[in-house]
Amino acid sequence: TSADEIFTFELFNNKCFNCNACDNLEVDHHYPLSKGYALSRTNAVVLCRSCNGSKHNKDPKDFYSEEKIILLEEIYNIK
């Protein structure tokens, strides 16, 4: 919903989680839709278009550093 989208952008301070860009932001499926994961507040990450394109349908462990995965899980409750 639009409320979920607003929540997600605010959660990530309107910045790309991966590179901190503030332009061309998109809500990404943390675990890919192509692998059966629905978009929800616990499966949504803000990425810029460039990072989202690079991530494509990769699993988080194949895109993010271990440190970023820990941040997503412990700080942002993205699992």
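Small disclaimer: the values here were computed from a predicted structure and weren't measured. (Residues numbered from 1 in each chain as written. Predicted model: local features only at pLDDT ≥ 70, side-chain atom pairs only at ≥ 80, totals over all residues. Heavy atoms only, no water.)

## A short note on the overall build of the protein
- The secondary structure content of the protein amounts to 3 helices and 2 strands.
- Projected onto the principal axes, the alpha-carbon positions of the protein cover approximately 25 × 25 × 25 Å.
- A fraction of 56% describes how many contacts in the protein between residues 6 or more apart in sequence connect residues 24 or more apart.
- In the structure as shown, the protein presents an accessible area of about 4900 Å², 49% of it carried by carbon and sulfur atoms.
- When the 9 positive and 12 negative side-chain charges of the protein are each reduced to one mean point, those points stand 3 Å apart. (Helix = DSSP H or I, 4+ residues; strand = E, 2+ residues; numbered from the N terminus. Contact = heavy atoms within 4.5 Å. Areas by Shrake-Rupley, 256 points an atom, 1.4 Å probe, with all protein chains shown as cover. Lys, Arg positive; Asp, Glu negative; His and termini not counted. Charge placed at Lys NZ, Arg CZ, Asp CG, Glu CD.)

## What about unusual backbone geometry?
- Despite not being glycine, N20 shows a phi value in the positive range, around 70°.
- By secondary structure assignment, the location of N20 is in the loop between α1 (2-11) and β1 (25-29).
- The backbone phi angle of N24 is positive, close to 55°, even though this residue is not glycine.
- With respect to the secondary-structure elements, N24 resides in the loop between α1 and β1.
- Since its relative accessible area comes to 48%, N24 is described here as partly exposed. (Buried < 20%, exposed > 50% of the residue type's maximum accessible area, 1.4 Å probe, protein only.)

## A closer look at the packing of aromatic side chains
- Evaluated as defined, the whole model comprises 6 aromatic pairs.
- Between the aromatic rings of F12 and F17, the centroid separation amounts to 5.8 Å while the plane-to-plane angle is 75°, which identifies the pairing as edge-to-face. F17 shares its class with F12; the two are buried.
- Ring centres 5.7 Å apart and planes at 80° place the aromatic pair F17 and Y76 in the edge-to-face group. (Phe/Tyr/Trp six-rings, centres within 6.5 Å; stacked < 30°, edge-to-face > 60°.)

## Observations concerning the pattern of salt bridges
- All told, the structure shown has 5 salt bridges when counted by the stated rule.
- The salt bridge involving R49 is made with E26; its shortest N-O contact spans 3.1 Å. You can see R49 sitting in helix α2 (residues 49-55) and its partner E26 sitting in strand β1, a full 23 residues away along the chain.
- Judged by its relative accessible area of 23%, E26 falls in the partly exposed class.
- Among the salt bridges present, the one from K55 reaches D28, with a minimum N-O distance of 3.3 Å. Of the two residues, K55 is situated in helix α2 and D28 in strand β1; the sequence distance between them amounts to 27 residues. (Salt bridge = Lys/Arg side-chain N within 4 Å of Asp/Glu carboxyl O.)

The values reported here are purely geometric and, on their own, carry no functional implication.
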